Each structure stands twice: as C-alpha cells, then as structure tokens.
Amino acid sequence: MKHRYQFYWILWGFGELSGLGQWLLLRWALPIPAGWLLLMMLVLPFVYLVPNILARHLPLVMTRCLARIGGYWFVYGYYATILLVPAFIVWLICLLHPFGLTLAWWHGVFAVFYGRGMLLVILMLLFIGARRARHPIVRSVQLTTTKPIERDFSVAFASDIHLGAVLGAPFARKLRDDLMALQPDLVLLGGDLIDGNLEYVLWDKSFSGFDGLKAPWGVYAVFGNHDTYGLDLRKEQHRLFSYGIRCLRGQTARLAAGVTLTGMEDYMIAPHAEFPQLDEEDFHIVMEYEPLRIEQAASRGASLYFAGHTHAGQFWPNRMVTRRIFALDYGAAFFGSLLAIVSSGYGAWGQLFRLGPAPEIVLVHVKRQAQTRRTGGSPI
C-alpha cells in the first residue's frame, strides 16, 4: 500500500506542476482573476489525491464524488500537459523576437486563442471518451480446432474491471448481466478485478454485483497488478469464491472431457513461475493478466490464450507505447497453432474514459473441425 500511495503522491506533484503551467497560459485566455485561477489549478490535484489515499476514512458519497471529479481532472490534466508543450515552444521562440513576434503578442494574441482552443479540444475529448467508455461492445472470435473436444463451446472473457471508488456494485452488475446475456459455457475474468483498494471494495460491497454470475463450466479469474495493491489476495480470493468465482493462481482446472484451463499467477507476483506441462491431446486454455508468456504458451501446445492489462492504451496516444512493449497488445493473432487474444478490458483505470478501442467482452466460439468421412478409401 505504501508504494501505491507514493504513486499517487507523484501524480499529485506532476499535477501541481502542470497546473502551474496551465495557469501561466490560461490567465491570458480566461476572464477569471489570476489569483482565483491559480488557486483552482493548485487545488484540483488534491481532489484527485484525497480519495485515492483516504477513501476508507471518508463518507462513501464523498469518496465517490471526489474520485469522479478527480478522475476527470486527471484526464483533463493529461491532455492539457501535452498541449502545453507547443504553447511554450512558441513562448521560447518569441523570446528571440523572430519576424516581429514578441512576448506581448504571445500574451495578447497567441495565449488567448490557443488557450481557449485547448480547452475546447479537451472538453470535446472528455465528452467523446466518457461516452465511448460507457458503451462496451462484444467482440466475437471464431476458432476451429482439430483437438478431440466432445462438442462446440463458447468462452466469454472480460478483464480490467477496476472496481473501486469510481466503479462499484452497479458496474459489476452490468458486467454480470452482459456476460449472462451471451450464455457462454465458460466465463473468464482476466485480472484487475479491483482498482487497488480492497478495503473500500469490501466496504462498498462491490463484489455483490457478481452475485448470480454463473456458466455451465464455471467462472474463473486470475489476479492482476491492481489486485496486489489491495494487499490481501487471499481475502479477495475468498470473497470472490463466495460469489462463485474461482481464482486460479498457477493452477489447472479440467472443464470438460478434453478441455482444460490454466490460470497463471501474474508476472509481477511470480516472475519465475514455471509454465505447467500440458497434455498434447487436450484443448488447453491459458489465462494470465499481463500478455508476457504468449510464445511460451504456444511452445507448450496451448490452443487458446487470454490476457488483458494493456487497456489498448485507454488514452490516446498511449497505444503507441503498448504496441512496442508487447508482442500483442490488443486484438487476436495466431502464434503457431495458438490463438492469442488480448482484450482492451471492460472497465477503466482512473476514470471511465477511453479514446481508442472500446471497452469489451470477448466471446470466443470454439468449433470442432468437420471430419471427412471415407468409404473404401475414397472421400465422399
């Protein structure tokens, strides 16, 4: 928990610096007294910080309110910081007085129009991203296998739920309803079930939204890095089990004749965990949180692989980074005979906001390859 608090204090510090930079620009663009504008820019980072470090000590309604305001401030600050860079490049150029451009022009013309335009662009992005994050999609994938499975089946996969001060029991109920509507044979939850504060999630009874979630072959989950921030994976595992969700931590479960599932411990928790031996005759499903062992799963003969973590960037242009970190940061691709799927996630970190791939549930239909019947050695 200490490291988690340090992370939010660091974000607060960057927020204060960004707020100061925004004030230096926006004081020329907005009809607000400079002193009041500066106070607002310096207070807003605290609105983000407080619910993330004091959630358990504040009234529930106050925590939710501050978390949502602070979350939108975070998104605003993210894009405002990016858009400050060209403004201050122009400011530096004006120091050299090229083409008659002066600081007086920067203050009286450039800062006015650029600052107002920056705010308009960010408001548009906030509206688009908030709306997009509230409309999850179902991404369907077809997979034909030669493995001797008894029947066709379907798997519904959702990752990165991030229950906490922003997303609580109503969000969990919506996920449950969306999953149940698909009527899959198997439900998989791919990690980061909580945003990091397990005490708050239990206090808010967020897991109660999963009550009634079921599938013929069961509901299984793995843990992600945000689950570890809750500091008590055993308690989280026990509470999830009370709602019918079995957490796999390096274990393998037999789902049906010829079909097995391995849930890998997150790489951050057990970086040296050995990959289990797989029966070559089985259709084997592998689920882990961070998509780091795709090639290893393929080399062991797995047929289907699920992971999350990346959010497909969540905020543009973050995906430019995730694409370079992971062999597959989003979507579906074959690695040999293994179909690997990395989801953008169902929830969101920080605030319910997305620019880029929509939040999703991935539904995989696994079908047996049609067998060719032969009579007297000749195909029919």
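Placed above this text is the structure.
So, here is what we can say about the structure in this document. Source: prediction; values computed, not measured.

Parameters at a glance
- Residues numbered from 1 in each chain as written.
- Predicted model: local features only at pLDDT ≥ 70, side-chain atom pairs only at ≥ 80, totals over all residues.
- Heavy atoms only, no water.
- Pairing = 2+ DSSP bridges.
- Helix = DSSP H or I, 4+ residues; strand = E, 2+ residues; numbered from the N terminus.
- Axes fitted to C-alpha atoms, helices over the stretch in contact; angles between N-to-C directions.
- Buried < 20%, exposed > 50% of the residue type's maximum accessible area, 1.4 Å probe, protein only.
- Contact = heavy atoms within 4.5 Å.
- Parallel < 35°, antiparallel > 145°, perpendicular 65-115°, else oblique.
- Left-handed = near helix turned anticlockwise from the far one by under 90°.
- Nonpolar A, V, L, I, M, F, W, Y, C, P; charged D, E, K, R; others polar.
- Core = buried A, V, L, I, M, F, W, Y, C linked by side-chain atoms within 4.5 Å.
- Salt bridge = Lys/Arg side-chain N within 4 Å of Asp/Glu carboxyl O.

## Comments concerning the sheet that holds strand β8 (residues 283-287)
If you trace the 6 strands from one edge of the open sheet to the other, you get β6-β7-β8-β9-β11-β10, paired in mixed fashion. Of all strands in the sheet, those with a lone pairing partner are β6 (251-256) and β10 (331-335), marking the two edges. Averaged over all pairs of adjacent strands, the angle between strand axes in this sheet comes to 20 degrees, irrespective of strand direction. Sheet topology places β10 next to strand β11 (residues 338-342); 5 bridges connect them, and they run antiparallel.

## Focus on the environment of C94
As for its placement among the helices and strands, C94 is situated in helix α3 (residues 60-95). On the basis of relative accessible area, C94 is assigned to the buried category, the value being 0%. Sequence separation between C94 and P357 is 263 residues, and the spatial gap between their C-alpha atoms is 39 Å. Other than its neighbours up to four places away in sequence, C94 contacts L101, T102, L103, W105 and W106.

## Considerations on the sheet that holds strand β5 (residues 245-247)
Strand order in the open sheet formed by 6 strands is β1-β12-β2-β3-β4-β5, with mixed pairing between adjacent strands. Unpaired on one side and paired on the other, β1 (137-145) and β5 mark the two borders of the sheet. Neighbour-to-neighbour, the strand axes of the sheet open up by a mean angle of 25 degrees, direction not taken into account. With 3 bridges joining them, strand β4 (residues 219-221) and β5 adopt parallel strand pairing.

## Some thoughts on the packing of α3 against helix α4 (residues 103-133)
Across the interface, α3 lies against α4 with an axial gap of 10 Å and an inter-helix angle of 155 degrees. The orientation of α3 relative to α4 falls into the category roughly antiparallel. At the point where α3 passes α4, the crossing takes the right-handed sense. On α4, the residues that touch Y72, V75, Y76, Y79, A80, L83, P86, A87, V90, W91, C94 and L95 of α3 are L103, W105, W106, F110, Y114, M118, L119, I122, L125, L126 and A130. Taken together, the residues of the contact of α3 with α4 break down into 23 nonpolar, no polar and no charged.

## Side note on the nonpolar core
Residues L189, F207 and F210 are the most contacted members of the largest nonpolar core, which totals 38 residues. Contributing elements (two or more residues each) for this core: β2 (153-158), α5 (169-182), β3 (186-189), α6 (198-204), β4, α8 (233-241), β5 and β12 (360-368). Aside from chain neighbours lying at most four places away, what touches F207 is L163, I194, L198, V201, L202, E236, R239, L240 and Y243. Among the nonpolar cores identified, the runner-up in size contains 31 residues, and L25, L49, F74 and W106 belong to it.

## A word on the pattern of salt bridges
Following the criterion strictly, the structure yields 10 salt bridges and no others. For D152, the salt bridge goes to R368, with nearest N and O atoms at 3.7 Å. Here D152 is found in the loop between β1 and β2, whereas its partner R368 is found in strand β12, with 216 residues between them in sequence. You can call D152 partly exposed: its relative accessible area is 34%.

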